[in-house]
Structure formats: C-alpha cells, structure tokens
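Listed here are the chains, written in short residue letters.
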Amino acid sequence: MDSIENALGSDFIRFLNRHFSIMEIQNRVGVRWIATGALLTALAVILGAFGAHGLAPVVETMEEPAKRMANWETGAHYQMIHAIGLILIGILATLYGGSRLLTGAGWLFLLGILLFSGGLYTWVLTDSLPAVLVVPLGGLSFFTGWVAIACRFLYLMLRGER
C-alpha cells in the first residue's frame, strides 16, 4: 500500500477511499429499497391473483360483493405501482446519491401501501370502518412521496447538477 500511496499521492488515495465509501453507502441504501420494492411487488402479484381467482367465494355472501372485488383490485394495483416506485427510488438513490427526500419518499410509499392498500384489503374482508378511514391517508402518503421525488430532482436541476 505504501508504494501505491507514494506513486499516486496520499491525497488521491484519501479521495478514492472517501468516494468509494460514499458509493458503497449509496448502493447499500439503493439495494434495500430495490429489495423491499421487489418483495412488495411479488406480494401484489399474489394478492392480485387471489383477488382474481379466490376472493369471489369469500365476498359473495357479503354486502356489495362487486364493489369489494373492485376495491381489492384497486388495492393490489396501487400496491404494485408504489412497490415499483420503491424499486425506482433504489435505482435513483444508487445513481444520484441518497437524500432525505428520496428516503422520505420511500417511507411514504411504504406507509401508503400499508394504509391505502392494507386498508382496502382489510375493509373488503372484514367490513371494518377504521380500515376505510385510513385509506385517504395512504393516498396522501403516495402523493407526498411522488412530490418528494420531484423536489429532489428539481433541486438537482436548479443547482445544475447531473
């Protein structure tokens, strides 16, 4: 290592160490969002398949079975979109560096999936009023997450970065 340091200079070696350390952290954050998004996407596929093939017998004896089926489909659809959004956040964090806005968007998408999709799934199966009441909060979480992503890249654009 001493001969490399002598040949390249200690400042350059420090720069490389710092740079690759930052890249490693960015990649780690990005990989976590990608893995989380992929798992939630797989879950959305399973829940969507259940909604298409197994839910009808469960809800046919309940009030408004067609509305319940449609709400289940909406929950699975929004879960899929925002799980893919988590994968996108992971890719963006890896390429452009993690930021509080991207991290916040990821957590907002997770919260939105829990409240919006989870609330719809729970309402469809149990007719629970509290489950229906949290659905709009999940939608607000989704909206706020997308705005956070836009703000991150508007900030980079205004600063003239990348």
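Keep in mind that what you see is a predicted model, and the values were worked out from it rather than measured. (Residues numbered from 1 in each chain as written. Predicted model: local features only at pLDDT ≥ 70, side-chain atom pairs only at ≥ 80, totals over all residues. Heavy atoms only, no water.)

Trainee: Is there a simple way to think about the packing of aromatic side chains in this case?
Mentor: The geometry of an aromatic ring pair is captured by two quantities: the separation of the ring centres and the angle between the planes. For the structure shown, the criterion picks out eight aromatic pairs. Ring centres 4.7 Å apart and planes at 45° place the aromatic pair Trp-72 and Tyr-121 in the tilted group. With Trp-72 in helix α4 (residues 65–96) and Tyr-121 in helix α5 (residues 100–126), this pair connects stretches of sequence that are 49 residues apart. Centre to centre, the rings of Phe-109 and Trp-146 are 4.8 Å apart; their planes meet at 55°, and the pair counts as tilted. Placement of the pair is Phe-109 in helix α5 and Trp-146 in helix α6 (residues 129–158), with a sequence separation of 37 residues. Exposure remark for Phe-109: the relative accessible area of 0% places this residue in the buried category. When its relative accessible area of 35% is taken as the criterion, Trp-146 is described as partly exposed. Three or more aromatic residues link up through ring pairs in this structure, and these residues are Phe-50, Trp-72 and Tyr-121. A cation over a ring is seen here: Arg-68 above Trp-123, with NZ or CZ 4.7 Å from the ring centre. (Phe/Tyr/Trp six-rings, centres within 6.5 Å; stacked < 30°, edge-to-face > 60°. Helix = DSSP H or I, 4+ residues; strand = E, 2+ residues; numbered from the N terminus. Buried < 20%, exposed > 50% of the residue type's maximum accessible area, 1.4 Å probe, protein only. Lys NZ or Arg CZ within 6 Å of the ring centre and 35° of its normal.)

Trainee: Just to check I follow, could you spell out α5 for this structure?
Mentor: Here α5 spans 37 Å end to end across 27 residues, near enough to the 39 Å set by a 1.5 Å rise per residue. The sharpest bend along α5 reaches about 30° and sits at Gly-118. Positive backbone phi, at 65°, marks Asp-127, one or two positions downstream of α5. (Expected span 1.5 Å × (residues − 1). Bend = angle between axes of the 7 residues up to and from the residue.)

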